[in-house]
Amino acid sequence: MNIAMLSPVGPAHGRGGVQDIVWSLCTGLVARGHGVTLITTGRRDGPPSEMREGVRLEYLDTVPPMRAIGAWERDSLGCVRRLHAERAFDAIHSQSFCGLHLIGALPGVGVTASLHGTHWDELRTRAGLVRESLPGQPVAGAKAGVLWGLMLARYLREGPRLRHADAVIATSVEQRAVLRVRYRVADEVMHDVWNGI
């Protein structure tokens, strides 16, 4: 198979949990004989593309490092289409919500999403921060409230896309329940991979 992997972070962005998971998945797929291209955000130094351990990396220099915002959707779609024309992709893997805009972009190419957290989790956490901060730290409470509003906007924009994915990987029993109830993801497309490993 030839797989497009989308993630806001990769090994060139430094060490971290998501970077490690994404890179392990990419190199593991290559070790099993698959072609893998990791499409990720820009980097401050280095080439716009490279091969590393058999994985092709494409950095979108129009997108800030580690932030799938701004031109991310437009430019990642353009990159995927360009690479697909060179060598057709068989599957697209979205690390988190960053590749869900590609659902239906390439006829016959399914999109799988791996989620290690959800908007809903973030909304609950930030609501708690607002409640805790407002009485003694109103400025911090107001800031948490603004961040809550921004996350709500993302949930409303990105959340509905998830139910159209061909497969969704849940990383815990609790997350599976959130995906079923809050995102209306059908049980038949959900797959359990505890801790995403």
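Before any of the text, the structure's been laid out above.
Residues numbered from 1 in each chain as written. Predicted model: local features only at pLDDT ≥ 70, side-chain atom pairs only at ≥ 80, totals over all residues. Heavy atoms only, no water.

Visitor: I keep staring at the side chain of Glu-158 and nothing clicks. Help me out?
Guide: With respect to the element layout, Glu-158 can be found in helix H4 (residues 138-162). Among all residues touching Glu-158, those that are not within four sequence positions of it are Phe-97, Leu-100 and His-119. (Helix = DSSP H or I, 4+ residues; strand = E, 2+ residues; numbered from the N terminus. Contact = heavy atoms within 4.5 Å.)

Visitor: I would appreciate a short explanation of H4 in the present structure.
Guide: Residues separated by three or four positions in an α-helix point in the same direction, a consequence of the helix having 3.6 residues per turn. Spanning 25 residues, H4 covers 35 Å between terminal C-alpha atoms, matching the ideal 36 Å at 1.5 Å per step. Along H4, the largest kink reaches about 30 degrees and is centred on Leu-156; proline Pro-160 follows within four residues of it. Those residues of H4 not exposed but buried are Gly-141, Ala-144, Met-151, Tyr-155, Glu-158, Gly-159 and Leu-162. Structurally, H4 contributes buried residues whose contacts are with strand E6 (110-114), helix H3 (119-133), strand E7 (167-170) and helix H5 (173-182). (Expected span 1.5 Å × (residues − 1). Bend = angle between axes of the 7 residues up to and from the residue. Buried < 20%, exposed > 50% of the residue type's maximum accessible area, 1.4 Å probe, protein only.)

Visitor: Please explain the side chain of Thr-118 as it appears in this structure.
Guide: Position of Thr-118 relative to the elements: it lies in the loop between E6 and H3. Not counting residues up to four positions away in its chain, the partners in contact with Thr-118 are Phe-97, Gln-175, Val-178, Leu-179 and Tyr-183.

Visitor: Mind showing me how you'd approach the sheet that holds E6 here?
Guide: Within a beta sheet, neighbouring strands are joined by backbone hydrogen bonds and run either parallel or antiparallel to one another. Pairing is mixed in the open sheet, where eight strands are placed in the order E3-E4-E2-E1-E5-E6-E7-E8. Looking at strand neighbours, the two that pair on one side only are strand E3 (49-52) and strand E8 (190-192), the edges of this open sheet. On average, adjacent strands in this sheet sit at an angle of 20 degrees to one another, irrespective of strand direction. For strand E2 (residues 35-41) and strand E4 (residues 55-60), the ladder comprises five bridges, and the chain directions are parallel. Bridged to Thr-37 within E4 is Arg-56. Relative to E4, helix H2 (residues 72-86) is tilted by about 145 degrees, and along the sheet it contacts strand E1 (2-6), E2, E4 and strand E5 (91-95). (Pairing = 2+ DSSP bridges. Axes fitted to C-alpha atoms, helices over the stretch in contact; angles between N-to-C directions.)

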